[in-house]
Amino acid sequence: MAIAAMVAIPGTVILAAAAAGTLGFDFLSYHQAAVRVLAGERLYDPSIQQSGGFGLFYYPPPFALAVLPFGLLGSSAAIWAWLGLSIAMLVTAIWVLPVGRHVRWATLLLAGLSWPVAYALKLGQVGPLLLLLFAIGWRGLDRPAILGSASAFGAIVKLQPGIILAWAVLTRRWLAVALGVGLLAIASLVATLVLGGTAAWWDFMTLLANVADPITTPHNFTPGAAAFQAGLDPEVAAAIQLASTGLVIVIVVGTALRLGPDASYLVAVVASQLLSPILWDHYAMLLLLPTAWLLERRQWWALLVPLATSVAVLFVGAPAGLYPLAFWAALLGVTVVGWRERRAEREPH
């Protein structure tokens, strides 16, 4: 069933996108960035004022170097190569999860039913790569080289996963922090040299300032944006976003200091998206990680988290608020179950 779901649902979305000429919509921004670097042109356009348009590259400069090999291919060949790699990364991420075999198969089935997964593959987004890096980090929590490397590469792809390094500081994983920071420093230095100086970094920061509106950005699914799309005033929506951000930070710090490593790590993973000013719907695929952790502990209600954003829900016109609610359900679910586990460990038997 899991294999059939993965083939049928994402496969149908991918084939429909290919027929319509929209396959790899987001990946083409990576491809064009790689082509610009190879041609010695400017990497960013700092005049862009809104996120989500075609061909807009607003990822850290080192990520442009990571996708350089795709710039050597034509756009069509590059799209299919990236798609194949993305599917491999998705399946590998589920395969390496530190959970039982039955939970892995259940997670693959949920991935096959998931609209965020199908949409991320259709767009050519980096979600499968982030899922793999987070899964590797989870499996390697007690291995500093693995945790530090996975965290650093996540921050190279997008800034938000850098919160894992902050989590590592709170949990005193100093060697992982040192390795992660060292890798980021090396990647940043190489990017600066290849891109011809610090101008790309200034363009990158200018671009982020222009497109990081958490309230009015179209198709954004932050708590504040969902409130704004529901008809609330921008000031009220902004207050909701601020409250959500503050509470997430408190929970991340509290769980890092009080809960076990698995639970607090997954809280940080979910928080990396809730703290972002831009939360696209396809990033809900990352909720497969806390869902797998909860299912391993027989928390069957967790099935509702990915099912709430499944392909089937598209046909009932789910409100925008469903996405931040799914992230918050995963965050609170891991926090509560992790707290119960920690308390049970401390009680005398």
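Now for a quick tour of the structure. Just so you know, these numbers come straight off a predicted model, no measurement behind them.

### Looking at the nonpolar core
Link 1 in the chain: Membership of the largest hydrophobic core comes to 111 residues, with the highest contact counts inside it found for Phe63 and Tyr265.
Link 2 in the chain: The element best represented in this core is helix α15 (residues 261-274), accounting for 9 residues.
Link 3 in the chain: Beyond its immediate sequence surroundings of up to four residues, Tyr265 is in contact with Leu133, Phe134, Gly137, Trp138, Leu141, Leu147, Ile164 and Trp167.

### Describing α15
Link 1 in the chain: The terminal C-alpha atoms of α15, which comprises 14 residues, lie 20 Å apart, in line with the 20 Å expected from a rise of 1.5 Å per residue.
Link 2 in the chain: Along α15, 12 of the 14 residues are buried, which leaves the element largely enclosed by surrounding structure.
Link 3 in the chain: Within the sequence span of α15, burial applies to Ala263, Ser264, Tyr265, Leu266, Val267, Ala268, Val269, Val270, Ala271, Ser272, Gln273 and Leu274.

### A word on empty space enclosed by the protein
Link 1 in the chain: Throughout the structure, instances matching the rule amount to 2 cavities of 30 Å³ or more.
Link 2 in the chain: Taken as a whole, the largest cavity spans an internal volume of roughly 60 Å³.
Link 3 in the chain: Leu130, Leu133, Phe134, Ala150, Ser151, Gly154, Pro161, Ile164 and Tyr265 together form the lining of the largest cavity.
Link 4 in the chain: Only α8 (127-139) and α9 (144-157) provide two or more residues apiece to the lining of the largest cavity.
Link 5 in the chain: In the lining of the largest cavity, the residues fall into 7 nonpolar, 2 polar and no charged.
Link 6 in the chain: For the second largest cavity, the calculated volume is near 30 Å³.
Link 7 in the chain: Leu23, Gly24, Ile79, Trp82, Leu83, Leu121, Lys122, Leu123 and Gly124 are the residues that line the second largest cavity.

### Some remarks on the side chain of Lys122
Link 1 in the chain: Residue placement: Lys122 occurs in helix α7 (residues 115-123).
Link 2 in the chain: Among buried charged residues, Lys122 stands out as having no salt bridge; its nearest opposite-charge side chain is Asp26, 8.2 Å away.
Link 3 in the chain: Those residues in contact with Lys122 that lie beyond four places of it in its chain are Val13, Ala17, Thr22, Leu23, Gly24 and Phe25.

### Thoughts on the pattern of salt bridges
Link 1 in the chain: Applying the stated criterion to the full structure yields 4 salt bridges.
Link 2 in the chain: Residues Arg173 and Asp142 are paired through a salt bridge, measuring 3.9 Å at the closest nitrogen-oxygen approach. Here Arg173 is found in the loop between α10 (163-170) and α11 (174-194), whereas its partner Asp142 is found in the loop between α8 and α9, with 31 residues between them in sequence.
Link 3 in the chain: With relative accessibility at 18%, the residue Arg173 sits in the buried group.
Link 4 in the chain: With a shortest N-O distance of 3.4 Å, Arg342 and Glu345 are connected by a salt bridge. Taken together, the positions of Arg342 and Glu345, both in helix α18 (residues 322-346) and 3 residues apart, correspond to about one turn of that helix.

### Re a nonpolar patch on the surface
Link 1 in the chain: On the surface, Ile3, Val7 and Trp105 cluster together into a nonpolar patch covering about 320 Å² of accessible area.
Link 2 in the chain: By the secondary structure assignment, Ile3 is in helix α1 (residues 2-20).
Link 3 in the chain: On the basis of relative accessible area, Ile3 is assigned to the exposed category, the value being 52%.

### Topic: the packing of aromatic side chains
Link 1 in the chain: Counted according to the given criterion, the structure contains 17 aromatic pairs.
Link 2 in the chain: Centroid distance Phe27 to Phe70: 5.7 Å. Interplanar angle 80°. Geometry classified as edge-to-face. Taken together, the positions of Phe27 in helix α2 (residues 27-38) and Phe70 in helix α4 (residues 68-71) put the pair 43 residues apart, joining distant regions of the chain. In terms of burial, Phe27 and Phe70 fall into one category: buried.
Link 3 in the chain: Where Tyr44 meets Phe204, the ring centres are 5.6 Å apart and the plane angle is 35°; that geometry is what we call tilted. Of this pair, Tyr44 sits in the loop between α2 and α3 (61-66) while Phe204 sits in helix α12 (residues 199-211), placing them 160 residues apart in sequence. For the residue pair Tyr44 and Phe204, the accessibility class agrees, reading buried in each case.
Link 4 in the chain: What links up through ring pairs into an aromatic cluster is the set Phe27, Tyr30, Tyr44, Phe57, Tyr58, Tyr59, Phe63, Phe70, Trp82, Trp201 and Phe204.

How each quantity is defined
Residues numbered from 1 in each chain as written. Predicted model: local features only at pLDDT ≥ 70, side-chain atom pairs only at ≥ 80, totals over all residues. Heavy atoms only, no water. Core = buried A, V, L, I, M, F, W, Y, C linked by side-chain atoms within 4.5 Å. Buried < 20%, exposed > 50% of the residue type's maximum accessible area, 1.4 Å probe, protein only. Helix = DSSP H or I, 4+ residues; strand = E, 2+ residues; numbered from the N terminus. Contact = heavy atoms within 4.5 Å. Expected span 1.5 Å × (residues − 1). 1 Å grid on protein atoms, 1.4 Å probe; cavity = no way out; pocket = protein on both sides within 12 Å on 5 of 7 lines; lining within 4 Å. Points joined across faces, edges and corners; volume = space filled by probe spheres on them. Nonpolar A, V, L, I, M, F, W, Y, C, P; charged D, E, K, R; others polar. Lys, Arg positive; Asp, Glu negative; His and termini not counted. Salt bridge = Lys/Arg side-chain N within 4 Å of Asp/Glu carboxyl O. Patch = residues over 30% accessible without salt bridge, like charges linked within 9 Å, V, L, I, M, F, W, Y side chains within 5 Å. Areas by Shrake-Rupley, 256 points an atom, 1.4 Å probe, with all protein chains shown as cover. Phe/Tyr/Trp six-rings, centres within 6.5 Å; stacked < 30°, edge-to-face > 60°.

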